[in-house]
Amino acid sequence: MALPPSMRRMQTEVTIIGGGAAGLMCALTAARRGRRVVICEHNARAGKKLLVSGGGRCNFSNRQVDASHYFSSNPHFVKSALARFTPNDMTAFLDAGGIPHEERGGGELFCTCAAARLVDWLVEACRTAGVQIRTECDIRSVQRDAHFSISTNDGTIASEALVIATGGLSYPELGAGDFGHRLAKQFGLRVTPCRPALVPLRLGASDARRFGDLSGVSLEARVTCGKRTLSGGLLFTHHGLSGPAILKASLIWENGKPIHIDLLPKTDILASLKAAHADGRRVELKNFLAGMLPRRLAEAWCTAYAPSKPLIDYSLPQIKAIADQLHCWEVTPARTEGWQRAEVTLGGVDTKAISSKTMEARDVPNLFFIGEVLDVTGMLGGYNLHWAWASGTAAGTAV
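Described in the following lines is the structure provided in the data block. Source: prediction; values computed, not measured. (Residues numbered from 1 in each chain as written. Predicted model: local features only at pLDDT ≥ 70, side-chain atom pairs only at ≥ 80, totals over all residues. Heavy atoms only, no water.)

## What to know about the packing of helix H4 (residues 87–96) against helix H5 (residues 115–128)
Worth spelling out the cut-off: Convention adopted: a line fitted to C-alpha atoms gives each axis, helices being fitted over their contacting stretch, and angles between N-to-C directions are expressed from 0 to 180 degrees. Note on conventions: DSSP H or I runs of at least 4 residues are helices, E runs of at least 2 residues are strands, and numbering of each starts at the N terminus. Working rule for angles: under 35 degrees goes down as roughly parallel, over 145 as roughly antiparallel, 65 to 115 as roughly perpendicular, anything else as oblique. We call two residues in contact when some of their heavy atoms are within 4.5 Å. Three categories are distinguished: nonpolar for Ala, Val, Leu, Ile, Met, Phe, Trp, Tyr, Cys and Pro, charged for Asp, Glu, Lys and Arg, and polar for the others, with Gly belonging to the last.
It is at 11 Å that the axes of H4 and H5 come closest, and there the two elements cross at 80 degrees. Regarding the angle of H4 to H5, the classification is roughly perpendicular. Mapping the contact onto sequence places Phe93, Leu94 and Ala96 in H4 and Leu118, Trp121 and Leu122 in H5. Among the residues making up the contact of H4 with H5, the classes are represented as 6 nonpolar, no polar and no charged.

Below you can see the structure in the form of structure tokens.
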């Protein structure tokens, strides 16, 4: 007869709460060192967030990984782990598992197979190394005396070391929550303010009326937010703006502040407009711009800012003002699309309290934090997953 959960008890050396990229890598690294490891994952399978990464192809790293691509209140924190686990280390790791991959633009590294194959291989590698993976395992409480005592819906685990790999607040439909942050506070660690990042931005009411019908229109753009300029695709949505340039800008954007968008970053539109004006062209502005921008955008932009008429009918100062605005279109977003659409969390467990070499809490021996739960957020393009692998490896080497 099976014992009820309240009477089941096991003892292990390392318990990892969270079976995502960071948790799996930490578990595998520790188990290959001979450590007895248990993963507690509340979902029905490990690695669910990995399955949706990179459109199902898993953008697992980036050739250009370095500290400059990460945001943290402690910007030097990432350097040690990144130096000890590089993109070359990750590709060699995948090669050993027979996981095919390729490099795309901007140094982005993708699997050329379904992300599910990578997840299945990681899980199998963990199990082969002796890792016990408990799925649908909910944590009820964590206490610490001589060891950690982790109470779950499937009994209690006594563990020498505890690794928190619970992720951030993004993807709540996959079960994301603030458990890791609450646990950090329980043990006296500070959590920096958190907000959605790598997330679409919603337009204000007036701009939404002007441009809401452009859903699906996309173009290459340059977005300036504060002192930083970011390039990439821009996509109009039903409610606002998305695409790589906007997602990257969301890491920097502050509520109530404008962003500035160069709609023609590779075109000297003033020179083109002046040349057409000098030729006495009777072509309407919206039709002229439609040769450089998506037609629907050209028409909507003219309706909003420059009622279309033949180019010859504009004065040169008016033409300059039009060109200036096309290169520096000011938009003040109303808000982000929130946690439901965010890819990552900006903010988290304050890294000033964490060893950058081992990921161990300085004042709580044998308590480790890895991955997105920490106040470390990477740019779009594989940087966040690489941080998961690097921080997981750092902790797995130390536990």
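## Some points on the sheet that holds strand S6 (residues 108–111)
Rules: In short, DSSP must find at least two bridges between two strands for them to pair.
Pairing is antiparallel across the open sheet formed by 3 strands, whose spatial order is S3-S6-S5. The open sheet has two edge strands, strand S3 (59–62) and strand S5 (101–103), and neither has a second partner. Strand-to-strand twist of the sheet, defined as the mean angle between neighbouring strand axes without regard to direction, takes the value 25 degrees.

## Details of the packing of aromatic side chains
Going by this rule: Pairing of aromatic side chains requires ring centres within 6.5 Å, counting the rings of Phe and Tyr and the six-membered ring of Trp. Pairs whose planes differ by under 30 degrees are stacked, by over 60 edge-to-face, and all others tilted. Type-normalised accessible area, obtained with a 1.4 Å probe on protein chains alone, sets the label of each residue: buried when under 20%, exposed when over 50%, and partly exposed for intermediate values. Definition used: whenever NZ (Lys) or CZ (Arg) falls within 6 Å of the ring centre and also within 35 degrees of the ring normal, the charge is taken to sit over that ring.
Inspection of the entire model under this criterion finds 10 aromatic pairs. For the ring pair Phe93 and Trp121, a centre distance of 4.9 Å and an interplane angle of 55 degrees mean the geometry is tilted. In this pair, Phe93 sits in helix H4 while Trp121 sits in helix H5, placing the two residues 28 residues apart along the sequence. Each of the two residues, Phe93 as well as Trp121, counts as buried. Sitting over the ring of Tyr314, Lys309 keeps its end group 4.9 Å from the ring centre.

## Some thoughts on the sheet that holds strand S13 (residues 218–225)
Remark on secondary structure: sheet strands pair via backbone hydrogen bonds, oriented parallel or antiparallel. An order of S17-S16-S13-S14-S15-S12-S18 is seen for the 7 strands of this open sheet, with the pairing classed as antiparallel. Only two strands of the sheet have a single neighbouring strand rather than two, namely strand S17 (329–331) and strand S18 (335–336). Across 2 bridges, strand S12 (residues 201–202) lies against strand S15 (residues 240–242) in antiparallel orientation. Bridging across to S15, Leu201 finds its partner in Leu241.

## What to know about the pattern of salt bridges
Our working rule: Take a side-chain nitrogen of Lys or Arg and a carboxyl oxygen of Asp or Glu: if they are within 4 Å of each other, that pair is a salt bridge.
By the definition in use, this model includes 16 salt bridges. For Arg104, the salt bridge is made with Glu102, and the minimal N-O distance between the two is 2.9 Å. Residue class for Arg104 comes out partly exposed when judged on its relative accessible area of 35%. The partner of Asp207 in a salt bridge is Arg210, with the nearest N and O atoms 3.5 Å apart. In this pair, Asp207 and Arg210 are both assigned in helix H7 (residues 205–211), 3 residues apart and thus about one turn of the helix distant. Residue Asp207 is classed as buried on the basis of its relative accessible area of 10%. Classification of Arg210 as partly exposed rests on a relative accessible area of 40%. Each of Glu13, Arg35 and Glu160 takes part in one network of salt bridges that share partners.

## What about the nonpolar core?
To keep it simple, the criterion reads: Nine residue types can take part in a nonpolar core, namely buried Ala, Val, Leu, Ile, Met, Phe, Trp, Tyr and Cys, and a core is a set of them joined through side-chain atoms within 4.5 Å.
Counting 133 residues, the largest nonpolar core has Phe236, Ile261, Phe369, Leu374, Trp387 and Trp389 as the members making the most contacts within it. For this core, the leading source of residues is helix H1 (residues 21–32), giving 9 residues. Discounting residues that sit within four places of it in the chain, Ile261 has contacts with Ala221, Arg222, Val223, Leu234, Leu241, Leu326, His327, Cys328, Trp329 and Val331.

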